Amino acid sequence: MVKRILTVLLLFPTLVCAQINTDRVMTIARNALYFEDYVLSIQYFNQVINAKPYLYEPYFFRALAKLNLEDFQGAETDCDAAIQRNPFVVGAYQIRGLARIRQSKFDGAIEDYKKALHYDPEKPEKFWCERDTKMMKLLCGIFMGIGGIFLVLGIVFMVTGAF
């Protein structure tokens, strides 16, 4: 009887909370994201977040998956969480800016791209937001309904100085 109680007490912690290898789960989730299985990757990122909520990477990549699923509000929320955990990740500001553009929150998107430019001034594709914010608002407002390609073309023209 004592052996059974002792065995149960020793095995109880293993049965209650199993550990997961978060590095391996992150790798699997990033592979699922690469192969455009966004729902599956979100599930894996959720597992990593439950195990280690202090990491910024699962929030960042989950935001990317949500952005591809057109859940822009969820992507913005996840980017907020990633930025809260590590404010020096430039990609989080870029993704949050894109999510805000798709929600027509242009002022917030401008601030995000300015912050990304502040942390990484060597990237020329971000200079468009610094050059002319009024033109960005105009382009986003006009071309949002037509398609994203026109927004990209407008950004390229602003960077090259065609306007």
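A quick note: this is a predicted structure, and the numbers were derived from the prediction, not measured.

Asks: Is there a simple way to explain the packing of aromatic side chains in this structure?
Replies: The description of two aromatic rings rests on the distance between their centres and on the angle between their planes. In the structure shown here, the tally under the stated rule is 5 aromatic pairs. Judged by centre distance (6.0 Å) and plane angle (15°), the ring pair of F45 and F61 falls under stacked. Here the residue F45 occupies a position in helix α3 (residues 38-51), and F61 occupies one in helix α4 (residues 57-68), the gap between them amounting to 16 residues. Both residues of the pair, F45 and F61, count as buried.

Asks: Before we go on, may I ask you to explain the environment of I95 in this structure?
Replies: Tracing the backbone shows I95 in helix α6 (residues 90-102). Residues I95 and D78 lie 17 residues apart in sequence; the distance between their C-alpha atoms is 9.8 Å.

Asks: I'm lost on the environment of F45 in this one. Help?
Replies: A residue is classified by how much of its surface remains accessible, and F45, at 0% relative accessible area, is buried. Not counting chain neighbours up to four residues away, the residues in contact with F45 comprise M26, A29, R30, L33, P58, F61 and R62.

Asks: In this structure, what is going on with the nonpolar core? I would like to understand it.
Replies: One recurring pattern in soluble globular proteins: nonpolar side chains tend to sit buried together. Ranked by internal contacts, the top residues of the largest apolar core, which has 28 residues, are L33, F45, F60, F61, L67, A92 and I95. Elements with a minimum of two residues in this core: α2 (22-34), α3, α4, α5 (72-85) and α6. Excluding residues that lie within four positions of it along the chain, L67 makes contacts with F72, A75, I95, L98 and A99.

Rules and cut-offs
- Residues numbered from 1 in each chain as written.
- Predicted model: local features only at pLDDT ≥ 70, side-chain atom pairs only at ≥ 80, totals over all residues.
- Heavy atoms only, no water.
- Phe/Tyr/Trp six-rings, centres within 6.5 Å; stacked < 30°, edge-to-face > 60°.
- Helix = DSSP H or I, 4+ residues; strand = E, 2+ residues; numbered from the N terminus.
- Buried < 20%, exposed > 50% of the residue type's maximum accessible area, 1.4 Å probe, protein only.
- Contact = heavy atoms within 4.5 Å.
- Core = buried A, V, L, I, M, F, W, Y, C linked by side-chain atoms within 4.5 Å.

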